[in-house]
Amino acid sequence: MATITLKYPEVTNFIAGKPEVNGQQKMDVHSPLDGTVISTVPLSSASDLDKAVKAAEAAFPAWSGTPIKERSQIFFRYRELLFKNRDELATLVHTENGKTMDESYAEVDKSMELCEFACSLPQLIQGEVLEVSKGVECRIERKPLGVVASIAPFNFPNMVPHWTIPNALMLGNTMILKPSEVVPISAIRIAELLKEAGLPDGVFNVVHGDRAIVEAICDHPGIKAVSFVGSTTVAKIVYIRATASLKRALCLGGAKNHLLVLPDAHLEMTASNVVASMSGCAGQRCMAAAQMVGIGAVEPIIQQMIVEAKKLIPGKNLGPVISKVAYERILGFIEEAEKAGAKVLLDGRNPKVEGRDPGSGPGGYYLGPTIIDHVTADMRISKEEVFGPVISIIRAKDLDAGIAIENANPYGNAAAVFTQSGGNARQVMERASAGMIGVNIGVPVPREPFSFGGWNDSKFGTCDITGKSSIEFWTQLKKTTTKWNPEGKVNWMS
Ligand code: NAD
């Protein structure tokens, strides 16, 4: 039998500063660009996790005892290594996830920005001190939690791990990352570069696998906190299981972001922003525009959206979706909506992709941008996350009706309004039921130092995952009362 040379070496766990070959069951890793097998990933067991927890526990005392200003020096160096290796890291994201090279560069650049914020943490986490009675002082300091875990989804193999790694480690925790088994290769380069930057062994560990390893993370008594990013179904499972074993948990779920478009919106800007939001990363972003709420006479904007969307060429400036299963699930949504009476204005099914046979196994899982009008609230496409380059349009007679449609959806990651009226924008800012609001912005991701996080079924747990709010999640407060004057008066709190 001929030996197949894989594009990337077999992925291994990374424990205590070195690759750990576990001899367990393996799964193939496919590139969505052409469907080929590019590597394999181990499906680790609870005992592999236990090794990683022991390594992280062993590293914790020295790491948490290192002054934060020294820890930050490592992350300054690491940020430079991301920059130095930007081409390689972006190519890796492109190959394992399928997004375009431009999108992959943007992902790595965002990881750098996340490191820059982490390097500023010494300026943000000073404690408090006050003389509370004569000679008696109270002080408050932020202390790390211990060993923490971060579980990531497939859609941002480089950036989402950086939502948690720099902040959690800078704040003195040690970590186990469980990347998505679908895109596990970027995580290994992250581990190698952290080591090259000078991170002590055991502070950061990677354990690969699927559901079994996530369940083991939730149950392991040595892990103090779990962050999760992925679908709502799994976010709920992880939140319930991790908190049942008395861990701190922050679980970000799926989304169904509504964009309210009013007739007075700027024609070109609105059309190009809405299309960019629905199609960026092939619609596989938790901040993607999923449903447009057309309020009143918005025909010219919809026509301009079609013009904009036609500029997207699958295989050139529009990447494939992650897998054949995802491809078929998205087709199912479109077909069902069409049968239920919705009108497909722009049909991305079966696109011509140079040199590719879309959807049929090897060939890549490409879909063109798809715009579906006259969707109604009872259709499945209006209620569930599609996660592809597809936008449905639902019509509303006025702003109140539009806001009611947004409010009725169970998710709450993002919502946006496109209008030239400050009053209308203000109404949406006040009344939309989502954690991140855009005014004339299709992808309202708050940039550092602002925090990222949704509401409702898009997030379970308190705090946000990035920015200032994450400090609260990754630390606990130590309150110390001191007295150094034995001659002082004895009172009730002596
Ligand atoms: P997913 O929920 O299938 O997988 C996420 C992680 O959970 C992976 O590491 C996977 O191995 C693990 N997992 C899968 N099934 C599991 C189970 N039954 N029990 C325990 N663990 C399990 O999500 P995905 O398909 O990788 O990512 C896409 C989803 O992530 C979308 O819903 C998207 O909206 C969401 N997402 C949300 C945000 C956010 O900020 N809210 C950001 C990125 C992605």
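It should be emphasised that the depicted structure is a prediction, and the values quoted were computed from it without experimental measurement. (Residues numbered from 1 in each chain as written. Predicted model: local features only at pLDDT ≥ 70, side-chain atom pairs only at ≥ 80, totals over all residues. Heavy atoms only, no water.)

Here seven strands make up an open sheet; going across it, the order is S14-S15-S16-S13-S12-S17-S18 and the pairing mixed. The two strands at the open ends of the sheet, each matched to only one other strand, are strand S14 (343-346) and strand S18 (436-439). Across the sheet, the axes of successive neighbouring strands diverge by a mean angle of 20°, strand direction being ignored. Here strand S12 (residues 257-261) pairs with strand S17 (residues 414-418) via four bridges, running parallel. If you follow leucine 260 over to S17, its bridge partner there is valine 417. Of the strands in this sheet, S12, strand S13 (289-295), strand S16 (390-396) and S17 touch helix H14 (residues 399-408), which is tilted by about 175° from S12. (Pairing = 2+ DSSP bridges. Helix = DSSP H or I, 4+ residues; strand = E, 2+ residues; numbered from the N terminus. Axes fitted to C-alpha atoms, helices over the stretch in contact; angles between N-to-C directions. Contact = heavy atoms within 4.5 Å.)

Assigned domains of the chain: these are domain 1 (13-253 + 458-478) and domain 2 (257-439). Computed over C-alpha atoms only, the centres of domain 1 and domain 2 are separated by 31 Å. Taken residue by residue, the interface counts 17 residues in domain 1 and 22 residues in domain 2. Broken down residue by residue, the surface that domain 1 buries against domain 2 is led by Pro32, Phe154 and Ser458, which jointly contribute 32%. On inspection of domain 1 and its partner domain 2, the count reaches zero salt bridges. A breakdown of the residues in the side of domain 1 that touches domain 2 according to their chemical character gives six nonpolar, seven polar and four charged. (Domains from an automatic or database assignment. Buried area = accessible area lost by both parts, 1.4 Å probe. Salt bridge = Lys/Arg side-chain N within 4 Å of Asp/Glu carboxyl O. Nonpolar A, V, L, I, M, F, W, Y, C, P; charged D, E, K, R; others polar.)

Within the secondary structure, serine 382 sits in helix H13 (residues 380-383). Sequence-distant contacts of serine 382, that is, excluding residues within four places in its chain, are made with Lys256, Gln291, Val375, Thr376, Ala377 and Ile394.

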